[in-house]
Amino acid sequence: MIEIPESHVYARQAGDMLSGRTVTDVFNATYPHKFTWYTGDPAAYRNLLAGKKFLSAAGYGAFVDLLLEDKVHIALSDGVNMRYCPAGAGIPPKYQLLITFDDDSFLVFTVAMYGGINAFRDTLDNPYYLGALSKPSPLGDGFDAAYFDRLVAGAKPNLSAKAFLATEQRIPGLGNGVLQDILFNARIHPKRKMATFGERELDALFGAVKSTLAEMTAAGGRDTEKDLFGNPGGYKVVLSKNTYADPCPVCGGALVKEAYLGGAVYYCPHCQPLK
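Keep in mind it's a predicted model, so treat the numbers as computed, not measured. (Residues numbered from 1 in each chain as written. Predicted model: local features only at pLDDT ≥ 70, side-chain atom pairs only at ≥ 80, totals over all residues. Heavy atoms only, no water.)

Chemist: So what's going on with the overall build of the chain? Which residues, and what values?
Modeler: Secondary structure assignment for the chain yields seven helices and 11 strands. Against the compact-globule benchmark of 19 Å for 275 residues, the chain has a radius of gyration of 20 Å, which places it among compact chains. Projected onto its principal axes, the C-alpha positions of the chain cover 60 × 35 × 30 Å. Residue burial in the chain is summarised as follows: out of 275 residues, 47% are buried. For the chain, long-range pairs separated by at least 24 residues make up 64% of all intrachain contacts whose partners lie at least 6 apart in sequence. (Helix = DSSP H or I, 4+ residues; strand = E, 2+ residues; numbered from the N terminus. Rg over C-alpha atoms; globule rule 2.2 N^0.38 Å. Buried < 20%, exposed > 50% of the residue type's maximum accessible area, 1.4 Å probe, protein only. Contact = heavy atoms within 4.5 Å.)

See below:
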């Protein structure tokens, strides 16, 4: 799933590979997917995109925003896999959108569970997209201690740490995937109530949000996710479905996996005690 590190990695790689390229054609889904959401009729995407030069790309929260000429955008939400294929590469039999360029390279967009592929001009009237554009990113200077303190002050005290970080789009693009290592690095249990946090723990949580996401992004995303070329990221996730059977890397104790708030949480009960 696209979260903050992956959106920035996708954007950087797309900018490197596609800058100056012109869209030559657009092919609609060969495999319809009822949980793929488009802006408008995807059959109209060829008229909107063909002939437009690729200008730049940016990551906003869980969105990857590809900017073309004439203020035309392609914005992808979490759940969409985007792959760059050079000229001569084989075309996969199943996809939700495919875009070709003037050097015969192409982008393939596929969706496993759910996701949005949005082609539009000017702006996208989507609250998640607009929120991701307008709110400070933990990767930027605007997400400072004062801003984090305001988020804490505006949250209900009975919220858990997971609910505070990963619900209601308080921090767009911070989801259940990156959440695990953030809380482990802060030594905070995912079910711990915000009302029980002291100043030192809030400082640790703020620091872990900033440093963990920065490290994930600098390493090319998480190794549990794939980049634009289909390669896993270089950040080795500490807590995930791939590692929870291993001993805690700090204390050597057993890790725990539990279902909580619509997804699995992983933690070390010794390093992340529930107080």
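Moving on from the model shown.
Chemist: Describe unusual backbone geometry, with residues and values.
Modeler: Although it is not a glycine, Asp122 sits at a positive phi angle of roughly 75°. With a relative accessible area of 46%, Asp122 lands in the partly exposed category. Here Gln169, not a glycine, exhibits a phi torsion of approximately 55°, which is positive. Inspection of the secondary structure puts Gln169 in the loop between helix H5 (161–166) and helix H6 (176–186).

Chemist: Provide a residue-level description of the UniProt feature "domain: FPG-type" (unreviewed entry) in the chain, including the pertinent values.
Modeler: The residues that UniProt annotates with the feature "domain: FPG-type" (unreviewed entry) are residues 242–273. With 0% helix and 31% strand, residues 242–273 has its two end C-alpha atoms placed 22 Å apart. (UniProt positions renumbered as here; feature names shortened; annotations may be inferred.)

Chemist: Please give an account of a nonpolar patch on the surface that cites residues and values.
Modeler: Together, Met1, Phe35, Trp37, Met113 and Tyr114 make up a nonpolar patch on the protein surface, roughly 520 Å² of accessible area in all. The residue Trp37 is located in strand E2 (residues 36–38) in this model. (Patch = residues over 30% accessible without salt bridge, like charges linked within 9 Å, V, L, I, M, F, W, Y side chains within 5 Å. Areas by Shrake-Rupley, 256 points an atom, 1.4 Å probe, with all protein chains shown as cover. Salt bridge = Lys/Arg side-chain N within 4 Å of Asp/Glu carboxyl O.)

Chemist: A description of the layout of surface pockets should follow, citing residues and the corresponding values.
Modeler: The calculated volume of the largest pocket comes to roughly 1100 Å³. In terms of lining, the largest pocket is formed by 42 residues, of which the most central are Met1, Glu3, Asp78, Tyr114 and Asn176. Taken together, the elements giving at least two residues each to the lining of the largest pocket come down to strand E9 (115–121), helix H3 (127–134), H5, H6 and strand E11 (263–267). Classifying every residue of the lining of the largest pocket by side-chain character gives 18 nonpolar, 16 polar and eight charged. Its volume calculated, the second largest pocket comes out at about 230 Å³. (1 Å grid on protein atoms, 1.4 Å probe; cavity = no way out; pocket = protein on both sides within 12 Å on 5 of 7 lines; lining within 4 Å. Points joined across faces, edges and corners; volume = space filled by probe spheres on them. Nonpolar A, V, L, I, M, F, W, Y, C, P; charged D, E, K, R; others polar.)

Chemist: With reference to specific residues and values, describe the packing of H6 against helix H7 (residues 199–218).
Modeler: The geometry of H6 relative to H7 is characterised by a closest axis approach of 8 Å and an angle of 130° between their N-to-C directions. In terms of orientation, H6 and H7 fall into the oblique class. The element H6 and its partner H7 pack so that their crossing is right-handed. On the side of H6, the interface is formed by Val178, Asp181, Ile182, Leu183, Asn185 and Ala186, while H7 contributes Ala204, Leu205, Ala208, Val209, Thr212, Leu213 and Met216. Partitioned by chemical class, the residues of the contact of H6 with H7 number 10 nonpolar, two polar and one charged. (Axes fitted to C-alpha atoms, helices over the stretch in contact; angles between N-to-C directions. Parallel < 35°, antiparallel > 145°, perpendicular 65-115°, else oblique. Left-handed = near helix turned anticlockwise from the far one by under 90°.)

Chemist: Before we move on, can you summarise the packing of aromatic side chains with the specific residues and values?
Modeler: Counting across every chain of the model gives 12 aromatic pairs. Summarising the aromatic geometry, the rings of Trp37 and Tyr114 are spaced 6.2 Å apart at their centres and angled 45° between planes, so their arrangement reads as tilted. Here Tyr114 lies in the loop between strand E8 (106–111) and E9 and Trp37 lies in strand E2, a separation of 77 residues in the sequence. When its relative accessible area of 33% is taken as the criterion, Tyr114 is described as partly exposed. On the numbers, 5.8 Å between centres and 80° between planes, the contact of Phe120 with Tyr129 is edge-to-face. Residue Tyr129 is classed as buried on the basis of its relative accessible area of 2%. (Phe/Tyr/Trp six-rings, centres within 6.5 Å; stacked < 30°, edge-to-face > 60°.)

Chemist: Give me the pairing of E8: which residues, what numbers.
Modeler: Counting buried positions along E8 gives five out of six residues, so the element sits mostly inside the fold. One ladder, built from six bridges, connects strand E6 (residues 80–85) with E8; its direction is antiparallel. Its bridge partner lying in E8, Tyr84 is registered against Leu107. Sheet topology places strand E7 (residues 97–101) next to E8; four bridges connect them, and they run antiparallel. For Leu97, the partnering residue across the bridge sits in E8 and is Phe109. In this antiparallel pair of consecutive strands, E7 and E8, the connection spans four residues, and Asp104 shows a positive phi of 70°. (Pairing = 2+ DSSP bridges.)

Chemist: Lay out the sheet that holds E7 in plain terms, naming residues and giving numbers.
Modeler: Reading across the sheet, the four strands line up as E1-E7-E8-E6 and stay open at both edges, with antiparallel pairing between neighbours. The sheet is open, and its two edges are formed by strand E1 (23–28) and E6, each paired on a single side. With direction set aside, neighbouring strand axes in the sheet form an average angle of 15°. Contacting E6, E7 and E8, helix H1 (residues 4–18) crosses the sheet at an angle of about 25° to E6.

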